[in-house]
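Here are the chains, one letter per residue:
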Amino acid sequence: YVKLPPDVARRRVLLLDPLLGSGRTLLMAVRVLLDHGVPLTSIVCVTLFASPEGLHSLLYTYAGVRIVTTCVELGLSPEGYLRPGCGNFGDRYFG
């Protein structure tokens, strides 16, 4: 499901994702924006916590994308969670 403003290609887009783990969510979201005509230089990814692996994946695929984060964690656990991280963000936020 995608619902974007008709003039999204002419806007600056803040793409918000609380946790950048593997990077797959932001990779897909950036792809959707590009498919709707948004220039890569108009996309800013904003995240609270990021893993080095996720940052590498996103920047390797989309070298021109801008990323703003508050913290780069140590990495991902074998299960794919941020280390040390803040626990499961969804569980904490939504109960």
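Residues numbered from 1 in each chain as written. Predicted model: local features only at pLDDT ≥ 70, side-chain atom pairs only at ≥ 80, totals over all residues. Heavy atoms only, no water.

Caption draft 1: Local environment of the environment of Asp-17. As for its placement among the helices and strands, Asp-17 is situated in the loop between β1 (13-16) and β2 (19-20). Residue classification places Asp-17 among the buried positions, given a relative accessible area of 15%. Put simply, Asp-17 and Val-46 are 29 residues apart on the chain and 6.3 Å apart in space, counted from C-alpha to C-alpha. Apart from the residues within four sequence positions on either side, Asp-17 is in contact with Thr-25, Leu-26, Val-46, Thr-47 and Leu-48. (Helix = DSSP H or I, 4+ residues; strand = E, 2+ residues; numbered from the N terminus. Buried < 20%, exposed > 50% of the residue type's maximum accessible area, 1.4 Å probe, protein only. Contact = heavy atoms within 4.5 Å.)

Caption draft 2: Structural detail: the pairing of strand β3 (residues 43-50). Pairing analysis gives four bridges linking β1 to β3, with the strands arranged parallel. Counterpart to Leu-15 in the pairing with β3 is Cys-45. Pairing of β3 with strand β4 (residues 66-72) involves six bridges; the strand directions are parallel. Across the sheet, residue Ala-50 finds its bridge partner in β4, namely Val-72. This β-α-β element, β3 to helix α2 (residues 52-61) to β4, shows right-handed connectivity. (Pairing = 2+ DSSP bridges. Right-handed = clockwise from strand over helix to strand, strands pointing away.)

Caption draft 3: Main features of the side chain of Ser-51. Counting through the fold element by element, Ser-51 comes out in the loop between β3 and α2. With a relative accessible area of 0%, Ser-51 lands in the buried category.

Caption draft 4: Quick look at α2. Inspection of α2 places Gly-54, Leu-55 and Leu-58 among the buried residues, and these make up the whole buried set. All buried residues of α2 lie within an arc of 100° about the axis, which places them on one face of the element. Opposite its buried face, α2 presents the exposed residues His-56 and Tyr-60, each directed more than 90 degrees away. (Arc of directions from axis to C-beta.)

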